[in-house]
Amino acid sequence: MSSFKSVTRSLGALTQWNKQTDGVLLLTNQANVRVKLYSDSIVRITCSTENTFEDFSYAVVAQPSGSAFGIIEDEATLSIKTESVAISIQKHPVRFAFHTQSGHVINEDDPLGICWIGEQVTAYKKLQPGERFIGLGEKTGPLDRRGSGYQNWNTDAYGYHAGTDPLYCSTPFYIGIHNGLCYGIYFDNTHKSFFNFGASNNRFASFSADQGEMDYYFIYGATVADIMRQYTHLTGRMEMPPKWSLGYQQCRYSYYPDKEVLNVANTFRDKNIPCDVMVLDIHYMDKYKIFTWDSSNFRNPKAMLKQLNDLGFHVVVMCDPGIKVEEGYEAYDDGIKRDVFLKYPDGTHYTGQVWPGWCHFPDFTKPETRTWWAEKLKAYTNLGIDGFWNDMNEIATWGHMLPENIELDFEGNKATMRRGRNIYGLQMARSTYEGVVSQLNGKRPFNLTRSGFSGVQRYAAVWTGDNVAYDEHMLLGVRLVNSMGLTGIAFAGYDVGGFVGNADSKLFTRWLSIGSLSPFFRGHSMINSRDTEPWTYGEEAEQICRNYIRMRYRLMPYIYSVFYEASQNGMPVQRSLAIDYTNDAAIYNNQFHNQYLFGPAILVAPAESTKEITKIYLPEGKWYSLYDGQPVYGPNEMLVECPLHRLPVYIKEGAIIPMQEPGVNTSVSTDTLELHIYHSEKESSFLYYTDDGQTFGYKEGQFLTRSISLLPTERKLIIGKPQGNFDDGTRTVKVVLHGFSPLDALTVNGTRQKVVSEINRFFEQLEKYDPISDPEPAPEEPVQTVAFANGTEDILISW
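I will try to describe carefully the structure that is included in this document.

Rules used throughout
Residues numbered from 1 in each chain as written. Predicted model: local features only at pLDDT ≥ 70, side-chain atom pairs only at ≥ 80, totals over all residues. Heavy atoms only, no water. Helix = DSSP H or I, 4+ residues; strand = E, 2+ residues; numbered from the N terminus. Expected span 1.5 Å × (residues − 1). Bend = angle between axes of the 7 residues up to and from the residue. Buried < 20%, exposed > 50% of the residue type's maximum accessible area, 1.4 Å probe, protein only. Contact = heavy atoms within 4.5 Å. Phe/Tyr/Trp six-rings, centres within 6.5 Å; stacked < 30°, edge-to-face > 60°. Axes fitted to C-alpha atoms, helices over the stretch in contact; angles between N-to-C directions. Parallel < 35°, antiparallel > 145°, perpendicular 65-115°, else oblique. Left-handed = near helix turned anticlockwise from the far one by under 90°. Nonpolar A, V, L, I, M, F, W, Y, C, P; charged D, E, K, R; others polar. Pairing = 2+ DSSP bridges.

### Digging into helix α7 (residues 417–437)
With 21 residues, α7 should reach 30 Å at 1.5 Å per residue; the first-to-last C-alpha distance of 28 Å fits that figure. Along α7, the largest kink reaches about 50° and is centred on Ile423. Judged by how many residues are buried, α7 sits mostly within the fold: 18 of 21 residues are covered.

Encoded structure:
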């Protein structure tokens, strides 16, 4: 009779333990283990085969909060209890389980526990009955990741398809959902990592890394939103972006010469299509060398930038990390002199081939390099440029085989590219952000990156890279942004129209309508492709695109307020329905898993450009059509018409949506604030936020917030007293009531005011919608309105 002998190394049995101020230290016969409490509901588990723990993270910025806890020990287990969660540690062998205070299993180790196969370390978790998994950020596949597996290894994934993995950005954080409970796990290991959610097995979910410690944070929360709040407490939240970065951005690879850039900008103004940004891809540079200008195509960058500024445009410039190996090129010569480039173990510089030719690459994990990079960025900030686009930072090189023996400084604790590849883009984004913030005299920069890691939200927006012009990719981009929102990246988006290939008029128009209700809104296309400005697809497409872009600008007070919420609690701007409707099985159906909420109140149901009718799902509650205000009750699967000019969009009952008249860019101000109120029998509220949209003055109190509350049973709407020290210029408030019973009058702070009945249209009539028959009339929605002077105290409206 033979006995089974495992070739894996597990944690083994507990031999001793010691209580610490913030948790416990465990010693097993195979490893050192630490349980550290970051709060009542955030528990860090670290396992190492070394005598010491690494205790280094580019992602985590939080510190333990000093939570109270108790310890109970018996012969078989060691139990740690906080006010929120109980951690049960089996002794022989060591295994972890997390329970509610009432004893329900939240998450528990599989009998395989935590173990090593060579250098690779893995945590195996029991699959709970009916358990779903969401998150992991920029990952293809369905919303519910049960049955799928993924790896984190930031990759230049040009023209990726609907099943490609990995992509550009890694966020090793997921949320598990089962039996009315939910939890999050963040795996803080930057080596190549793997997540298995029951793929090719029916026993366990697991997460592993090729090397390094098993270092994960268990997060318990009552809701998905609560878990996301705690995760972004750990890894940080975005700063308020400049308001202009939330407008439409026009890009292509590439606009040149300068006359072409100005021509496109002028055409936006001539056609009254709002736009805030012109983006310059690599052809603005001298032979693709960063910090330079092509003197033949951009003879006077300062003059061009002034003309764009006079037209109301900001400029975003491409920033690639590759520094061409060329004597006489200042960035190269100075980089060599100051020792800022990546090296092999023998001390020679790593050289890889990319756009400029053979290049060296800055080591952004070295403080001196970040200082050097900031100095070089003055080539742009001295010209007034305040938008930066970090690209090719996976690192992308021709050959796609980045040597893993490249060494990085890691703040003085050297590591190889095995540990550094996944954080290279994060560190480049950090270097750019911190560098330009120090130079812009209090102005906020816009910073965009392709590659990143958990915590990237502190420094940059993220876009989904080199997507492809077809319908499946359009819908995939929506899911990617939904998932990135679940992992702390609130400011994210995709290239409208597709970067690779040639979108036809239907695809571009549909894509732009969806993109207008996304956090980052940019049109982009690659070299040798057709023009993709909104007017290049014919008059009908131009009118539809103008309508949706103008609608976004009309929604800007709402959008800006939602970005403020993201900066405060980590809630994404584009919200997977799994956040608010976690236990509704229908939202995970592949027919409906592209749907999302834009902010708390606007439900978007993306549809293919080829469809005139599509099936959508409305969760529980009452919803109003954006176009005609007709109410629909959920839960409800329904077929709806979706011509190109009618993307299925519904407004949640009780919605409070601040709006304004749209201008040609976000800097155009109006003295009237519209508050669109959608009837409900339930109470609701919204926090309106604004500031100067440009500086960090909001951190010093230069902002304005107003809490707006709908109290249906009391028949009241309360606009709270302004808070903060900023005057937003609002002199008139116009309340627009949707779905309310007819009213003759209402009172504003005790004064009776007549209600005016109007026809509401969010979109202009399409004059040439149908070249054969009469144009289709714009939808009409009867609404009731009242306008009154703004005030500096509470405003009570009753009916």
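Okay, back to it.
### Topic: the environment of Phe686
Residue position: Phe686 is located in strand β42 (residues 684–691). When its relative accessible area of 9% is taken as the criterion, Phe686 is described as buried. When sequence neighbours within four positions are dropped, the list of residues in contact with Phe686 reads Tyr558, Ser561, Val562, Pro600, Ile656, Pro658, Arg706, Ser707 and Ile708.

### A closer look at the packing of aromatic side chains
For the structure shown, the criterion picks out 60 aromatic pairs. Here the aromatic rings of Phe98 and Phe218 are separated by 3.9 Å at their centres, their planes lie at 10°, and the arrangement is stacked. Of the two residues, Phe98 sits in strand β9 (residues 95–99) while Phe218 sits in strand β19 (residues 214–221), which places them 120 residues apart along the sequence. Of the two residues examined, Phe98 and Phe218, each falls in the buried class. Pairing Tyr174 with Tyr183 gives two aromatic rings, centres 6.4 Å apart and planes at 75°, and the pair type is edge-to-face.

### A short note on the packing of helix α5 (residues 367–376) against α7
Running from N to C, α5 and α7 cross one another at 55°; their axes reach a closest spacing of 9 Å. Taken together, the axes of α5 and α7 are oblique relative to one another. When you trace α5 past α7, the crossing you get is right-handed. Together, Arg370, Trp373 and Ala374 of α5 and Gln427, Met428, Arg430, Ser431, Thr432 and Gly435 of α7 make up the contact between the two elements. Residue composition of the contact of α5 with α7, grouped by class: 3 nonpolar, 4 polar and 2 charged.

### Quick word on the sheet that holds strand β16 (residues 181–187)
If you walk across this open sheet you meet the 8 strands as β2-β3-β4-β5-β19-β16-β15-β12, and the pairing is antiparallel. Of all the strands in the sheet, just β2 (14–20) and β12 (132–135) have a single pairing partner and so form its edges. In this sheet, adjacent strand axes meet at a mean angle of 20° when their direction is disregarded. Pairing of strand β4 (residues 32–37) with strand β5 (residues 42–48), which is carried by 6 bridges, proceeds in the antiparallel orientation. The residue bridging Val35 from the neighbouring strand is Ile45, located in β5.

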